[in-house]
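Examining the three-dimensional arrangement
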Amino acid sequence: QVQLVESGGGLVQPGGSLRLSCECSGSIFRIDDMGWYRQAPGKQRELVAKITAGGSTKYVDSAKDRFTISRHNGKNTVYLEMNSLRLEDTAVYYCYAEVHIRLFASPQDYWGQGTQVTVSS
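A brief structural summary. If you're wondering where the values come from, they're calculated on a predicted model, not measured in any experiment.

Conventions adopted
- Residues numbered from 1 in each chain as written.
- Predicted model: local features only at pLDDT ≥ 70, side-chain atom pairs only at ≥ 80, totals over all residues.
- Heavy atoms only, no water.
- Salt bridge = Lys/Arg side-chain N within 4 Å of Asp/Glu carboxyl O.
- Buried < 20%, exposed > 50% of the residue type's maximum accessible area, 1.4 Å probe, protein only.
- Helix = DSSP H or I, 4+ residues; strand = E, 2+ residues; numbered from the N terminus.
- Pairing = 2+ DSSP bridges.
- Axes fitted to C-alpha atoms, helices over the stretch in contact; angles between N-to-C directions.
- Core = buried A, V, L, I, M, F, W, Y, C linked by side-chain atoms within 4.5 Å.
- Disulfide = S-S within 2.5 Å.

Some words on the pattern of salt bridges
A pair can form between side chains of opposite charge whenever their charged atoms are brought close. One pass over the structure, following the stated rule, counts seven salt bridges. The residue Lys-64 makes a salt bridge to Asp-61 at a minimum N-O spacing of 3.2 Å. Note on Asp-61: relative accessible area 61%, which makes it exposed. Among the ionic pairs, Asp-89 bridges to Arg-66, the shortest N-O distance being 2.8 Å. With Asp-89 in the loop between β8 (77–82) and β9 (91–100) and Arg-66 in the loop between β6 (57–59) and β7 (67–72), this pair connects stretches of sequence that are 23 residues apart. What you see here is one network of salt bridges that share partners, running through Arg-38, Glu-46, Arg-66 and Asp-89.

Listed below in structure tokens is the structure:
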């Protein structure tokens, strides 16, 4: 099966930076889109950033100009560079990957376990 393992979360001061990583492994034929969602307690989950296999990116407005999503296709890994972090960025961040597990298979979304990002002074 497909597994996504996230790392890089932690505690950071406002204005600081973190780099999240998410490695996808298992039965992978091809990965299309990859990205990151986040969810804070009492708030709705939101898409933070996504990146296509070709490298096209999209960001939620609040993350635009502060966050950068990238990927290393050879490693099946997606990254999220987060700069100028704010208190409201505090959340559990979940990576996802749109995976074809074999030739001719339709893509399915797989999710990481989540990594906590806490922005606090």
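Observations regarding the sheet that holds strand β1 (residues 2–7)
Strand order in the open sheet made by the four strands is β1-β3-β8-β7, with antiparallel pairing throughout. If you trace the sheet from one side to the other, it starts and ends with β1 and β7, each paired once. Put simply, the sheet's adjacent strands are angled 15° from each other on average, direction ignored. Bridging between β7 and β8 involves six bridges; their strand directions are antiparallel. The partner of Arg-71 across the bridge, within β8, is Val-78.

Notes on the nonpolar core
Among the nonpolar cores identified, the biggest contains 29 residues, and Trp-36, Leu-80, Met-82 and Tyr-93 are the most heavily contacted of them. Taken together, the elements giving at least two residues each to this core come down to β1, β3 (18–26), β4 (30–39), β5 (46–51), β7, β8, β9 and β11 (115–119). Looking at this core element by element, the count peaks at five residues for β9.

What to know about the state of the cysteines
One pass over the structure, following the stated rule, counts one disulfide. One disulfide bridge connects Cys-22 with Cys-95, the sulfur atoms lying 1.9 Å from each other. Between Cys-22 and Cys-95 the disulfide shows an S-S torsion of about 50°. By sign, it is right-handed. Placement of Cys-22 in strand β3 and of Cys-95 in strand β9 is noted, with a sequence separation of 73 residues between them. Both residues of the pair, Cys-22 and Cys-95, count as buried. We note that Cys-24 lacks a disulfide partner, and the nearest cysteine sulfur, in Cys-22, lies 7.0 Å from it. By relative accessible area, which is 2% here, Cys-24 ends up buried.

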